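A structural walkthrough
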Amino acid sequence: MPETVLFEDERRLTRTDTASYLRTVADRLETGEPLTLETGADSITVDVPREVEFEVKVEREGPTDGPGELGLELELEWDEDADASDDSLSIK
């Protein structure tokens, strides 16, 4: 199935700024409010449904015999026709 990127932003942030950003996302998920992502002139608003597929991945990129780059990915997926409900989402 082909993938189309609807919005993308990548930047360097401090741990504190990253935590603040993730807290805002978590607050919107918990209250069921739409989530609007913006950078420059680009923006997208998504209504996250009550249930999502939640994936956590830690990966290492680079040579097997030397230092590489570690990454932590958090991904939420859902079907486009999923019911966007006002129920809260709890991630423990």
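Just so you know, the residues in each chain are numbered from 1, in the order the chain's sequence is written. With the structure being a predicted model, the display of local features is reserved for residues of pLDDT at least 70 and the display and counting of side-chain atom pairs for 80 or more, all residues being used for whole-chain, interface and lining totals. For side-chain calculations, the full set of non-hydrogen atoms in the structure is used, while hydrogens and water are omitted.

**Digging into helix H1 (residues 15-31)**
Every α-helix winds through 3.6 residues per turn, so residues three or four apart in the chain are directed the same way. Rule in force here: Elements are defined by DSSP. Helices are runs of H or I of four residues or more, strands are runs of E of two residues or more, and each kind is numbered from the N terminus. One less than the number of residues in a helix, times 1.5 Å, gives the span that helix is expected to have.
End to end, H1 covers 24 Å across 17 residues, agreeing with the expected 24 Å (1.5 Å per residue, within 8%). Looking one or two residues beyond H1, the residue adopting positive phi is glycine 32, at roughly 80°.

**Observations regarding a nonpolar patch on the surface**
Selection rule: Patches draw on residues past 30% relative accessible area with no salt bridge. Two like charges within 9 Å are joined, as are two nonpolar side chains (Val, Leu, Ile, Met, Phe, Trp, Tyr) within 5 Å. For the area figures, the Shrake-Rupley method with a 1.4 Å probe applies, and any residue is considered shielded solely by the protein chains shown. Each reported salt bridge corresponds to a side-chain nitrogen of Lys or Arg within 4 Å of a carboxyl oxygen of Asp or Glu.
A surface patch of nonpolar side chains, about 700 Å² in accessible area, is lined by Tyr21, Leu22, Phe54, Val56, Val58, Leu72 and Leu74. Sorting the residues of the nonpolar patch by element identifies H1, strand S3 (53-61) and strand S4 (69-77) as the ones contributing at least two each. Structurally, the position occupied by tyrosine 21 is in helix H1.

**Some words on the pattern of salt bridges**
Any two side chains of opposite charge can pair, given that their charged atoms come close. We count it as follows: Buried means the residue's accessible area, taken with a 1.4 Å probe over protein chains only, is under 20% of the maximum for its type, while exposed means over 50%, and partly exposed covers the values in between.
Within the structure shown, the criterion is met by four salt bridges. The partner of glutamate 55 in a salt bridge is lysine 57, with the nearest N and O atoms 3.9 Å apart. With a relative accessible area of 30%, glutamate 55 lands in the partly exposed category. Its relative accessible area of 32% is what places lysine 57 among the partly exposed residues.

**Details of the side chain of threonine 39**
The line we're drawing: Throughout, a contact is declared for two residues whenever any of their heavy atoms are within 4.5 Å.
Along the chain, the position of threonine 39 falls in strand S1 (residues 35-39). Setting aside residues up to four positions removed in sequence, threonine 39 forms contacts with Phe7, Glu8, Asp9 and Arg11.

**A closer look at the environment of tryptophan 78**
Structurally, tryptophan 78 can be placed in the segment after S4. Tryptophan 78 sits in the partly exposed class, given a relative accessible area of 29%. Sequence separation of tryptophan 78 and glutamate 51 is 27 residues, and the distance between their C-alpha atoms is 7.7 Å.

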